[in-house]
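Remarks on the overall topology
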Amino acid sequence: MFRHKHHGERILPEHIAIIMDGNGRWAKKRRLPRSAGHAAGARTFKEIARYCNRIGLHYLTVYAFSTENWKRPQEEVDNIMELLRDYLKDAKNFKDENILVKFIGNLAVLPQDIRDLIVDAEENSKDATGLKLNIALNYGGRDEIVAAVRRVVSDGLAPDEVDEAAIADRLYTAGQPDPDFIIRPSGEYRLSNYLIWQSAYAEFWFSDVLWPDFKPHHLEEAIDDFCRRNRRFGGV
Ligand code: IPE
Ligand code: IPE
Ligand code: MG
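Rules and cut-offs
Residues numbered from 1 in each chain as written. Chains lettered and ligands numbered in written order. Predicted model: local features only at pLDDT ≥ 70, side-chain atom pairs only at ≥ 80, totals over all residues. Heavy atoms only, no water. Core = buried A, V, L, I, M, F, W, Y, C linked by side-chain atoms within 4.5 Å. Buried < 20%, exposed > 50% of the residue type's maximum accessible area, 1.4 Å probe, protein only. Helix = DSSP H or I, 4+ residues; strand = E, 2+ residues; numbered from the N terminus. Contact = heavy atoms within 4.5 Å. Expected span 1.5 Å × (residues − 1). Arc of directions from axis to C-beta. Near = heavy atom within 4 Å. Polar contact = N/O pair within 3.5 Å; in protein donor to acceptor, adjacent residues only side chain to side chain. Areas by Shrake-Rupley, 256 points an atom, 1.4 Å probe, with all protein chains shown as cover. Nonpolar A, V, L, I, M, F, W, Y, C, P; charged D, E, K, R; others polar. pLDDT = per-residue confidence, 0-100. Phe/Tyr/Trp six-rings, centres within 6.5 Å; stacked < 30°, edge-to-face > 60°. Lys NZ or Arg CZ within 6 Å of the ring centre and 35° of its normal. Salt bridge = Lys/Arg side-chain N within 4 Å of Asp/Glu carboxyl O.

A separate point is the nonpolar core. Ranked by size, the top nonpolar core spans 45 residues in total, and within it Leu60 and Leu133 carry the most contacts. Sorting elements by how many residues they give to this core places helix H3 (residues 74-89) first, with six residues. Apart from the residues within four sequence positions on either side, leucine 60 is in contact with His15, Ile16, Ile18, Ala49, Cys52, Leu131, Lys132, Leu133 and Asn134. Counting residues in each nonpolar core, the second largest holds ten residues, with Ala17, Tyr139, Ile182 and Leu195 among its members.

Structure (structure tokens):
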């Protein structure tokens, strides 16, 4: 259950989850529009995903847009969706890079053209054998649990059949190991509704670096820290 991959002397986490935060503040510091921060954040995302693939990480989940992010000004939401379109149109890159991509979240309410691009991207990368990359889009942890419980009910489970596996098997991440390492840059110390079920026993790593400034060496620093943690899972 707690498989680890060796890379040189080091033991990598099995599943890293990142909250890609701080794009707006990065832009503000430079007197740029928030959209420039999101564009820079998208570049960082591509670099970090490629890096994770290269070092042999098994799973990476990134928070791209939350169920709460619809509260932002329409212009900013539109801008983020446009960046997503650009990214997805490039999606043949996943195939070339051998990254298997999957979108998690309530995708049903997204614009139809984005849903079509998502289906194409997932289909194009389905035979990839490298990094498994989850992109959380219109994702909320509570929303995910509610959706899972609805499926428990519609599947007709009896009360004594409802156990942890019955819920976990109906989450977007069904069949995947829980994230063992959650990284949040930008100086915020909260989960913001991210992977709230799956993070029950995750290790956390926080940094003041804003996401567009986050480099592979920051990830290395985080992983080194992870390697020094003593994970007890309630034991001794
Ligand atoms: C993260 O950066 C991107 C999304 C939430 C889509 P922010 O836009 O939240 O950046 P800050 O937190 O305002 O700096
Ligand atoms: C979390 O960041 C969501 C994403 C990174 C996509 P937010 O910037 O939305 O989180 P809060 O509002 O600071 O909690
Ligand atoms: Mg933020």
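All right, on to helix H6 (residues 141-154) then. The terminal C-alpha atoms of H6 lie 20 Å apart, and with 14 residues this matches the ideal 20 Å at 1.5 Å per residue to within 8%. Regarding H6, the residues found buried are Gly141, Glu144, Ala148 and Val152. Projection of H6 onto a plane perpendicular to its axis shows the buried side chains occupying an angular sector of 85 degrees, all on one side. Projecting away from the buried face of H6 at angles above 90 degrees are the exposed residues Arg142, Arg150, Val153 and Ser154. Looking at the buried residues of H6, the elements they touch are strand E6 (132-139) and helix H7 (164-168). In the stretch just after H6, glycine 156 is the one whose phi turns positive, near 75 degrees.

Neighbouring ligand 1 are 13 residues; Asp21, Gly24, Arg25, Arg34 and Arg72 lie closest to it. In the environment of ligand 1, an oxygen atom lies 2.9 Å from a nitrogen or oxygen atom belonging to the backbone of glycine 24. Arginine 72 is positioned such that a nitrogen or oxygen atom in its side chain is 2.7 Å from an oxygen atom of ligand 1. In isolation ligand 1 exposes 380 Å². Once the protein is present, 87% of that is buried. Here the shell around ligand 1 gets three residues from one element, more than from any other, and that element is helix H1 (residues 23-29). Across the shell around ligand 1, the residue classes break down as three nonpolar, five polar and five charged.

Looking at the element boundaries, aspartate 208 is found in the loop between strand E8 (203-206) and helix H8 (216-227). Considered as a pair, aspartate 208 and valine 162 are 46 residues apart in the sequence and their alpha carbons are 41 Å apart. Not counting residues within four places of it along the chain, the set of residues in contact with aspartate 208 comprises Ser186, Gly187 and Tyr189.

So, on to the side chain of histidine 38. Relative to the assigned elements, histidine 38 resides in helix H2 (residues 34-54). The buried category is assigned to histidine 38, whose relative accessible area is 9%. A polar contact is formed between the side chain of histidine 38 and the side chain of glutamate 76, at a distance of 2.8 Å. Those residues in contact with histidine 38 that sit more than four places away from it in its chain are Asn23, Arg72, Glu76, Asn79, Ile80 and Leu83.

If you trace the backbone, serine 66 turns up in strand E4 (residues 59-66). Overall, serine 66 belongs to the buried group, its relative accessible area being 6%. Excluding its chain neighbours within four sequence positions, the residues that come into contact with serine 66 are Asn138 and Tyr139.

Overall, the prediction assigns the protein chain a mean pLDDT of 95, with 95% of residues at 70 or greater. For the protein chain, per-element mean pLDDT is lowest for strand E1 (residues 5-7), which scores 51, and highest for strand E3 (residues 15-19), which scores 99.

Another point: the packing of aromatic side chains. Scanning the model with the defined rule gives eleven aromatic pairs in all. With a centroid separation of 4.2 Å and an interplanar angle of 10 degrees, the aromatic rings of tyrosine 63 and tyrosine 194 are classed as stacked. Residue tyrosine 63 is found in strand E4, and its partner tyrosine 194 is found in the loop between strand E7 (181-184) and E8; the two are separated by 131 residues along the sequence. With a centroid separation of 5.3 Å and an interplanar angle of 50 degrees, the aromatic rings of tyrosine 201 and phenylalanine 233 are classed as tilted. Here the residue tyrosine 201 occupies a position in the loop between E7 and E8, and phenylalanine 233 occupies one in the segment after H8, the gap between them amounting to 32 residues. Against the face of tyrosine 59 rests lysine 132, its NZ or CZ located 5.5 Å from the ring centre.

Under the counting rule described, the total for this entry stands at 17 salt bridges. Across the salt bridge formed by arginine 85 and aspartate 113, the nearest N and O atoms sit 2.5 Å from each other. Residue arginine 85 is found in helix H3, and its partner aspartate 113 is found in helix H5 (residues 112-124); the two are separated by 28 residues along the sequence. By relative accessible area, arginine 85 is classed as buried at 15%. For aspartate 225, the salt bridge goes to arginine 229, with nearest N and O atoms at 3.8 Å. Each of Asp21, Arg25, Arg184, Glu188 and Arg190 takes part in a single network of salt bridges with overlapping partners.

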